[in-house]
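One-letter residues, chain by chain:
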Amino acid sequence: MPNAKIIPIHGDDPIVPRLVADLEPDVMARLMEFWEFVQRRLAGDYSVDDFGFDPEFNDKILMALVRPLYKSWFRVEASGLENIPDETGALVVANHSGVIALDAVMTQLALLDEHPAHRHLRMLGSDLVFQSPFLGEIARKAGHTLACHPDAERLLGDGEIVGVWPEGYKGIGKPFAERYKLQRFGRGGFVAAALRTKTPIIPTAIVGAEETYPMIANATVVARLLGLPYFPITPTFPLLGPLGFIPLPSKWFIHFGEPIHTDQFPDNAADDPMLVFDLTDQVRERIQQTLYRLLMQRTSVFG
Amino acid sequence: MGRIVLVTGVSRYLGGQIARILAKDPSIDQVIGIDVVPPKVKLSQMEFVRADIRNPVIAKVLGEAGVDTVVHMGVIATPRQAGGRATMKEINVIGTMQLLAACQRTPSIKALVVKSSASVYGSGPKDPAMFTEEMQPRHTPRSGWAKDSVEVEGFVRGFARRRPDVAVTTLRFANIIGPGIDTAMTTYFSLPVIPTVLGFDARLQFIHEDDGLEFVKRAVLGSYAGTFNVAGNGTLMLSQAIRRTGHKRVSLPEFLFTPFGRSISSAGLIDFTTEQVRYLTFGRVLDTSLAQTTFGHTPMYSTPQAFASFLARREVSVA
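All values reported here derive from a predicted model rather than from experimental measurement.

### Observations regarding the domain arrangement of chain A
Considered domain by domain, chain A is made up of domain 1 (4-42) and domain 2 (55-212 + 247-297). Spacing between the C-alpha centres of domain 1 of chain A and domain 2 of chain A amounts to 42 Å.

### A few points about the interface of chain B and chain A
Of the residues lining the interface, 17 residues belong to chain B; the matching set on chain A comes to 21 residues. Tallying contributions element by element places helix α8 (residues 238-245) of chain B first for the side of chain B that touches chain A, with 4 residues.

### Points about the packing of helix α8 (residues 149-157) of chain A against helix α10 (residues 189-197) of chain A
Residues and elements named next belong to chain A. Interhelical geometry of α8 versus α10 gives an angle of 40° and a closest axis separation of 9 Å. With respect to α10, the element α8 is oriented oblique. α8 and α10 meet at a crossing whose hand is right-handed. Contacts between α8 and α10 involve H149, A152, E153, L156 and G157 on the former and, on the latter, G189, F190, A193, A194, R196 and T197.

### Points about the sheet that holds strand β1 (residues 77-79) of chain A
Residues and elements named next belong to chain A. Ordered in space as β1-β9-β6-β2-β5-β3-β4, the 7 strands form an open sheet in which the pairing is mixed. Strand pairing shows two members of the sheet lacking a second neighbour, β1 and β4 (145-146), which therefore form its edges. Note that strand β2 (residues 90-94) and strand β5 (residues 161-164) share 4 bridges and pair parallel. Across the sheet, residue V92 finds its bridge partner in β5, namely G163. Contacts between helix α12 (residues 273-297) and the sheet are confined to β2, β6 (201-207) and β9 (253-256), with β6 contributing the most and set at about 35° to the helix.

### A closer look at the environment of Y188 of chain B
All names here are of chain B. Along the chain, the position of Y188 falls in helix α6 (residues 184-190). Residue Y188 is classed as buried on the basis of its C-beta count, with 21 C-beta atoms lying within 10 Å. Remark: the alpha-carbon pair of Y188 and I242, spanning 54 residues in sequence, is separated by 10.0 Å.

### Here's the deal with the sheet that holds strand β2 (residues 28-35) of chain B
One key point about sheets: their strands pair by backbone hydrogen bonds, in either a parallel or an antiparallel sense. All names here are of chain B. As summarised here, the arrangement of the 7 strands in space is β3-β2-β1-β4-β5-β6-β11, forming an open sheet in which the pairing is parallel. Because the sheet does not close on itself, it has two edges, and the strands there are β3 (47-50) and β11 (226-230). In this sheet, neighbouring strand axes are inclined to one another by 20° on average, regardless of whether the strands run parallel or antiparallel. The pairing of strand β4 (residues 69-72) with strand β5 (residues 111-117) spans 4 bridges and is parallel.

Quick notes on the rules
Residues numbered from 1 in each chain as written. Chains lettered and ligands numbered in written order. Predicted model: local features only at pLDDT ≥ 70, side-chain atom pairs only at ≥ 80, totals over all residues. Domains from an automatic or database assignment. Contact = placed C-beta atoms within 7 Å. Helix = DSSP H or I, 4+ residues; strand = E, 2+ residues; numbered from the N terminus. Axes fitted to C-alpha atoms, helices over the stretch in contact; angles between N-to-C directions. Parallel < 35°, antiparallel > 145°, perpendicular 65-115°, else oblique. Left-handed = near helix turned anticlockwise from the far one by under 90°. Pairing = 2+ DSSP bridges. Buried ≥ 20, exposed ≤ 12 C-beta atoms within 10 Å, placed from the backbone.

This is the structure we're talking about:
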């Protein structure tokens, strides 16, 4: 640091230890800021919302932990961010794949880092998530909640961006041979929630997550013993033990598609099952088409 | 003619407080307090009847005094204060049955206000993030105070059906906290080392005692029939609340937590029921918009402020 000595404010102060004085002022400021952050966290001096979402913990700790994965490992390219509103609510509906829900986490980070309004994605997860120790706790702190009508409608009504993965376990637990083939879309509950709150649906396609953990078999007996929906066998897991947890460094693309508006339908449209089915199919079809298009453009899996 | 109000459970903290507040109100002629034990502090401006609501004598008191409003504050949450779980259940369940039976026979009764608890919703991983009044519990409480509250509400609904002319207000309170009240929660947060369930962090909600009393008072004076969630705005995570107390936290896996909780509750240190352990694992948050709009009152203390008010008392008592 050649210019450190000419900063008089630190040089003249006898109380400040030399080591600190020699630091660049911005490093110093950042250290102080970090120290204050730690102090504040330890004193419980922060706020969470009614869902248990802790924005500070999410943005500064959780997202910072997965950011290297996003930037350097998967080199995620997000597009179509202009389709996500800046302030109002929207329902992001995406394909699900890759054994553990890394695709959901990457989508969350894409919206936080790359959207001009730095939006938080509030996902709807299965009850298994909230039953599990640690996982449930972290999911709540990251802003996610149980996939149920009241929660979906409450979040959308509050103007939040809500994320759903309607394929659920059928999507993340499907064999590698079926990659990029959308599974059945649940009961279309997400469409009903969007209709009731008149929020747009954003069909979203994620390419790259299928190749992170290519699932060559499902050990159903083990899964049943552990009470899990599936137990994956990949080329590296459980063969290489903990090393098998390392995802393959596939290149990812996330495309947020054009919104499907729900505000032109009548007030009780959510109670019309035919309309709900039609809209569900329309969303599913859009995602599938976008997936094919992105796959065609992709030159190599690890590009 | 002014009103005559009967308050049950006046020898306990909240019952005594609400009786005192109502006695001061000009629209109320007379407040009759009732409890099994005499009040610890002198209750001025009101008549105290030492009687057991489990005894049919209550019907005579109601009829002779011409009571028009009954405020049922006698549902007890703390077995330690009641003298054991069996007594507590007696008082809560049989007491409420007797009280309501007496009310049904008393034609002068026009309003009934019941202090219930948000514990009727249970706690669990399948719960929605916020409970509204019409939601059914996804994990029905099976023990303790929570189960008593469910039964009490059942009797109250039955009463409301049989006496449609009576305005019945059921207030489902979140944990009441503040400088004066002692509950299982205040004891829990006063433990030098606070046990939690490993891998879980509950969402908690509190209502300050002053706000709680304000809602009861408004329910008596305004007569709003219905069931209402009452809690301070906002949420605290259990971990966050413990950090604010400045105490140590020890996380135990669930299979150790329950036996541990049982052993410290049998040692008489704290009331730890299965329901409470579930609450401290999964938490529960209420949607309170209905109560706030109907009663026209926004709690003065948010959940974090109510908790701070409880902590402030502790600091004073330590000093």
